[in-house]
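As a plain string of letters, each chain reads:
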Amino acid sequence: MSYSNTDILMNDGFDLVFSQGDLVVAEANEQHIAAILDANKGVFIRRPTLGADLFKFLDAPENSILSIENTIKNELVKDIFLLKELNINGSDIEVVDVQLKNVSDVL
């Protein structure tokens, strides 16, 4: 059984999304992944060790790609995701495919 990942949606600027005056609740995997990649450790109060800290790779040499991949993989697995495919091209990072952990692994 896979874990269902629904949440209150936010836009790309992490502002709440409303529809007809109500908060929008829907599948939120992409939103959660973006938040983890955007965050530094300590940002999530209930999960202070979660956050990719990608700022530390600014101006890093090209051979740091493996370190970036490992960092992203390790941070996503702390949540509910198993990274399957990742593309890094310069400063562009695209999580192409993830698998949700089994509910027994999450709870």
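Anything mentioned here points back to the structure above.
Residues numbered from 1 in each chain as written. Predicted model: local features only at pLDDT ≥ 70, side-chain atom pairs only at ≥ 80, totals over all residues. Heavy atoms only, no water.

Novice: I would appreciate a short explanation of the pattern of salt bridges in the present structure.
Specialist: In a structure, side chains of opposite charge can pair up when their charged atoms sit close to one another. Summed over the entire model, instances satisfying the criterion amount to three salt bridges. Linking Lys41 and Glu75 is a salt bridge whose minimum nitrogen-to-oxygen distance equals 2.9 Å. Within this pair, whereas Lys41 is found in the loop between α1 (29–38) and α2 (65–78), its partner Glu75 is found in helix α2, the two being separated by 34 residues in sequence. Note on Lys41: relative accessible area 39%, which makes it partly exposed. In this structure, Arg47 engages Asp79 in a salt bridge whose closest nitrogen and oxygen atoms are separated by 3.2 Å. Of this pair, Arg47 sits in the loop between α1 and α2 while Asp79 is found in the loop between α2 and β5 (81–89), placing the two residues 32 residues apart along the sequence. (Salt bridge = Lys/Arg side-chain N within 4 Å of Asp/Glu carboxyl O. Helix = DSSP H or I, 4+ residues; strand = E, 2+ residues; numbered from the N terminus. Buried < 20%, exposed > 50% of the residue type's maximum accessible area, 1.4 Å probe, protein only.)

Novice: Is there a simple way to think about the environment of Phe57 in this case?
Specialist: Mapped onto the elements, Phe57 comes out in the loop between α1 and α2. Counting along the chain gives 34 residues from Phe57 to Ser91, while the straight-line C-alpha distance between them is 9.6 Å. Those residues in contact with Phe57 that lie beyond four places of it in its chain are Ser64, Ser67, Ile68 and Thr71. (Contact = heavy atoms within 4.5 Å.)

Novice: Looking at this structure, how should I read a negative patch on the surface?
Specialist: A grouping of Glu85, Asp92, Glu94 and Asp97 is seen on the molecular surface, where their side chains present a negatively charged patch. The biggest single contributor to the negative patch is strand β6 (residues 92–100), with three residues. Tracing the backbone shows Glu94 in strand β6. (Patch = residues over 30% accessible without salt bridge, like charges linked within 9 Å, V, L, I, M, F, W, Y side chains within 5 Å. Areas by Shrake-Rupley, 256 points an atom, 1.4 Å probe, with all protein chains shown as cover. Lys, Arg positive; Asp, Glu negative; His and termini not counted. Charge placed at Lys NZ, Arg CZ, Asp CG, Glu CD.)

Novice: For this particular structure, what's the right way to read the side chain of Gln31?
Specialist: Structurally, the position occupied by Gln31 is in helix α1. For Gln31, the side chain forms a polar contact with the main-chain oxygen of Ile8, separated by 2.9 Å. The contacts of Gln31, once residues within four sequence positions are left out, are Asp7, Ile8, Leu9 and Met10. (Polar contact = N/O pair within 3.5 Å; in protein donor to acceptor, adjacent residues only side chain to side chain.)

Novice: What is the right way to read α2 from this model?
Specialist: Residues that lie three or four places apart on an α-helix share one face, since the helix turns once every 3.6 residues. The end-to-end C-alpha distance of α2 is 20 Å, a good match for the 20 Å that 14 residues give at a rise of 1.5 Å each. As for α2, its buried residues are in contact with α1, β5 and β6. (Expected span 1.5 Å × (residues − 1).)

Novice: Help me understand the nonpolar core, please; the structure alone is not making it clear to me.
Specialist: Among soluble globular proteins, nonpolar side chains are generally buried collectively. Formed by 16 residues in total, the largest nonpolar core has its most connected members in Leu37, Leu54, Ile68, Ile72, Leu76 and Phe81. At the level of elements, α1, α2 and β5 are the ones that each hand at least two residues to this core. With four residues, β5 is the largest single contributor of residues to this core. Not counting residues within four places of it along the chain, the set of residues in contact with Leu76 comprises Ile33, Ile36, Phe81, Leu83 and Val98. (Core = buried A, V, L, I, M, F, W, Y, C linked by side-chain atoms within 4.5 Å.)

Novice: Is there a simple way to explain unusual backbone geometry in this structure?
Specialist: Look at Asp53: it is not a glycine, yet its phi comes out positive at around 50°. Summarising the element assignment, Asp53 is placed in the loop between α1 and α2. Unusually for a residue other than glycine, Asp59 sits at a positive phi of about 60°. Checked against the element boundaries, Asp59 lands in the loop between α1 and α2.

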